[in-house]
Amino acid sequence: MTYTVAVAGCTGYAGGEVLRLLLQHPEVEIGVLTGNSSVGDRLGTHQPHLAPLADREVVATTPENLAGHDVVFLALPHGTSAAIADELSNETLVVDAGADFRLQDPALWEKYYGSPHAGTWPYGLPELPGQRRRLKDARRIAVPGCYPTTATLALLPAVAAGLVDSAQLSIVAASGLSGAGKAAKAHLMGSEVMGNAAAYGVGGVHRHTPEIIQNLSAVTSAAVNVSFTPVLVPMPRGILATCSAPVQDGVDTARARQVYEEMYRDEPFVDLLPEGKWPQTASVLGSNRTTVQVVVDDGAGRLIAIAALDNLTKGTAGGAIQSMNIALGLPEAAGLSTLGVAP
């Protein structure tokens, strides 16, 4: 069976990555492409790398244009997906790459996003225990944020197995500039970012903080607290997250590696690297692969877990298509690759 797929927000980074991956998917046919300010343009004006779709016209993002497709991807600004999704059939699989339906706590949504909470959808991170079961046959999916995907996959085994004090988690994650979106912003100009690394959203105010806490709280009865510091670095795409926490008594590197190996042994898109090899963003570029390494710093008494992924692929569009595949009963890896691009 071939599924028809529409993509709303097709001219942005996330929408473009969804389309790049869908063009390689054996079971889908790309239907309507929608936008906002780009209505009437040819897609090739905005996504010149998508040659097979270059002559396709961008139409308005309306429920009428999106209706009639088996799957609709929403790659829209935060706070705008709910109104569109409400008008689409319950039989349509709607996959939201924005934040609207990720958080379970309405108070946290309102605190971090400043608008009424639209609700909570099944969460598109299949590697979370029990999540594939929740995604199977789902018709609404909330795609995780790129930082939460990276940090969760780095820390998930340690927190789930009780290896660390989960009330003292520290995460410093460096991200490529595409994570900030395609809209023109002065602080993202080439003259501002070249040769510069800059922290932002420091001190618990970044919107992805409650999402990381929510994910890790799902696998432990212990309290979870996260100090999260994101850093913009001068590369187009990729995230490298360095995560640490105090270890519990008796936990050493061998025990940590055993736990990580057991949790990720059968995961198609998470690789625990051999000892002494460290994740790097270049090795996962353009792929749906996440690389992870873990070690215990005996002198500091802390577990260090590092993960790398492509924020546009596994961190957004690839994770979305992986979840779509599960919901539709397709092979989970359909249209997705673990092969990176080098150099």
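Given the structure is predicted, the values throughout are model-derived calculations rather than measurements.

About the thresholds
- Residues numbered from 1 in each chain as written.
- Predicted model: local features only at pLDDT ≥ 70, side-chain atom pairs only at ≥ 80, totals over all residues.
- Heavy atoms only, no water.
- Helix = DSSP H or I, 4+ residues; strand = E, 2+ residues; numbered from the N terminus.
- Rg over C-alpha atoms; globule rule 2.2 N^0.38 Å.
- Buried < 20%, exposed > 50% of the residue type's maximum accessible area, 1.4 Å probe, protein only.
- Pairing = 2+ DSSP bridges.
- Contact = heavy atoms within 4.5 Å.
- Axes fitted to C-alpha atoms, helices over the stretch in contact; angles between N-to-C directions.
- Phe/Tyr/Trp six-rings, centres within 6.5 Å; stacked < 30°, edge-to-face > 60°.
- Core = buried A, V, L, I, M, F, W, Y, C linked by side-chain atoms within 4.5 Å.
- Salt bridge = Lys/Arg side-chain N within 4 Å of Asp/Glu carboxyl O.
- Expected span 1.5 Å × (residues − 1).
- Arc of directions from axis to C-beta.
- Polar contact = N/O pair within 3.5 Å; in protein donor to acceptor, adjacent residues only side chain to side chain.

In terms of helices and strands, the protein chain carries 11 helices and 13 strands. Rg of the C-alpha trace for the protein chain: 19 Å, near the compact-globule value of 20 Å for 343 residues, within the 12% margin. Across its three principal axes, the protein chain shows a C-alpha extent of roughly 60 × 45 × 40 Å. Residues classed as buried in the protein chain amount to 53% of the 343 residues present.

Quick look at the sheet that holds strand β5 (residues 93–96) now. Read from one edge of the open sheet, six strands run β3-β2-β1-β4-β5-β6, paired in parallel fashion. A strand with exactly one partner marks an edge of an open sheet, and here the two such strands are β3 (59–60) and β6 (140–142). The sheet contacts of helix α1 (residues 13–22) involve β1 (3–8), β2 (28–35) and β4 (71–74), and relative to β1 the element is tilted by about 160 degrees. Its contacts with the sheet place helix α11 (residues 313–328) against β1, β2, β4, β5 and β6, and it is angled at close to 155 degrees to β4.

Moving on, we come to the packing of aromatic side chains. Tallied over the entire structure, the rule returns four aromatic pairs. Centroid distance Y147 to F228: 5.1 Å. Interplanar angle 70 degrees. Geometry classified as edge-to-face. One end of the pair, Y147, is in helix α7 (residues 146–160); the other, F228, is in strand β9 (residues 226–232), and 81 residues separate them in sequence. The exposure class of F228 is buried, given its relative accessible area of 2%.

This next bit is on the sheet that holds strand β10 (residues 239–246). The strand order across the open sheet built from seven strands is β8-β9-β7-β10-β13-β12-β11, with neighbouring strands paired in mixed fashion. For this open sheet the edge positions go to β8 (198–199) and β11 (270–272), each flanked by a neighbour on one side alone. Inspection of the sheet shows β11 paired to strand β12 (residues 290–297) by three bridges, in the parallel sense. Looking across to β12, one finds that D271 is bridged to T291.

Okay, the nonpolar core next. Ranked by internal contacts, the top residues of the largest apolar core, which has 42 residues, are L163, V164, L169, I171, Y260 and L303. The biggest single contributor to this core is α7, with nine residues. What L169 contacts, discounting residues up to four positions off in sequence, is L155, V159, V164, L216, V224, N225, V226, S227, S244 and A245. Membership of the second largest hydrophobic core comes to 33 residues, among which are L33, V143, I326 and A327.

As a further point, take the pattern of salt bridges. Under the definition given, this model contains nine salt bridges. Measuring nitrogen to oxygen at the nearest pair gives 2.6 Å for the salt bridge that ties R132 to E267. Here R132 is found in helix α6 (residues 131–135), whereas its partner E267 is found in the loop between α10 (253–264) and β11, with 135 residues between them in sequence. By relative accessible area, R132 is classed as partly exposed at 27%. A relative accessible area of 13% places E267 in the buried class. One network of salt bridges, in which partners are shared, links E17, R20, R237 and D310.

Okay, α10 next. With 12 residues, α10 should reach 16 Å at 1.5 Å per residue; the first-to-last C-alpha distance of 16 Å fits that figure. T253, A256, R257, V259, Y260 and Y264 are the residues of α10 that are buried. Considered in projection along α10, the buried side chains sweep an arc of 160 degrees and stay on one side of the axis. The inward-facing, buried residues of α10 abut α7, β11, β12 and β13 (302–309).

The residue H25 is located in the loop between α1 and β2 in this model. Under the relative-accessibility criterion, H25 is labelled buried at 6%. In terms of polar contacts, H25 uses its side chain to reach the backbone amide nitrogen of E27, at 3.0 Å. Ignoring sequence-local partners within four residues, the contact set of H25 consists of I321, M324, N325, L330, A334 and G335.

This part covers unusual backbone geometry. Of note, the amide linkage connecting A342 to P343 takes the cis form, showing an omega dihedral of -5 degrees. Among the secondary structure elements, P343 is positioned in the segment after α11. Backbone geometry places D137, a non-glycine residue, at a positive phi of 70 degrees. Along the chain, D137 turns up in the loop between α6 and β6. You can call D137 exposed: its relative accessible area is 53%.

That is the geometry; function is a separate question.
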